[in-house]
Amino acid sequence: MAKKHVSKKEDTEKVHLEVESWQWETKSPRMTWKYWLVIAILIAVGVLFAFGFLIVATVVLIVGIILNLVFFLFRKLS
């Protein structure tokens, strides 16, 4: 196989490159009401997850006490 000779190209055209970094030019976002709303929702969901088991346990305990009282009264009356 014959090698192809690469012809030398001479680019006499000058190219001007300018690279801009938008990272340094953009301002940091201000805390608007949307950010505060998202933060409040996240805190509310976190509290519900943290104390949700206590709420469920309290409801189960109250229902259990009421059912025990009702069954106790049925046994005493019969």
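Look up a bit, the structure's there.
We now examine the overall build of the protein. Each helix and strand counted, the protein has two helices and zero strands in total. Counting all 78 residues of the protein, 0% fall into the buried class. Of the accessible surface of the protein, which amounts to about 8900 Å², a share of 70% is contributed by carbon and sulfur atoms.

Residues Leu48, Ile55, Val59, Ile62, Val63, Ile66, Leu67, Val70, Phe71 and Phe74 make up a contiguous nonpolar surface patch of roughly 950 Å² in combined accessible area. Within the secondary structure, Val59 is located in helix α2 (residues 33–77). Given the relative accessible area of 48%, Val59 is considered partly exposed.

It is worth spelling out α2 at this point. Each α-helix winds once per 3.6 residues, and so residues spaced three or four apart point in a common direction. For α2, which comprises 45 residues, the first-to-last C-alpha distance of 62 Å matches the rise-based estimate of 66 Å (1.5 Å per residue) to within 8%. Its maximal kink placed at Phe51, α2 deviates by approximately 50°.

A few words on the environment of Met31. Structurally, Met31 is set in the loop between α1 (22–25) and α2. Discounting residues that sit within four places of it in the chain, Met31 has contacts with Trp36 and Ile39.

Calculation notes
- Residues numbered from 1 in each chain as written.
- Predicted model: local features only at pLDDT ≥ 70, side-chain atom pairs only at ≥ 80, totals over all residues.
- Heavy atoms only, no water.
- Helix = DSSP H or I, 4+ residues; strand = E, 2+ residues; numbered from the N terminus.
- Buried < 20%, exposed > 50% of the residue type's maximum accessible area, 1.4 Å probe, protein only.
- Areas by Shrake-Rupley, 256 points an atom, 1.4 Å probe, with all protein chains shown as cover.
- Patch = residues over 30% accessible without salt bridge, like charges linked within 9 Å, V, L, I, M, F, W, Y side chains within 5 Å.
- Salt bridge = Lys/Arg side-chain N within 4 Å of Asp/Glu carboxyl O.
- Expected span 1.5 Å × (residues − 1).
- Bend = angle between axes of the 7 residues up to and from the residue.
- Contact = heavy atoms within 4.5 Å.

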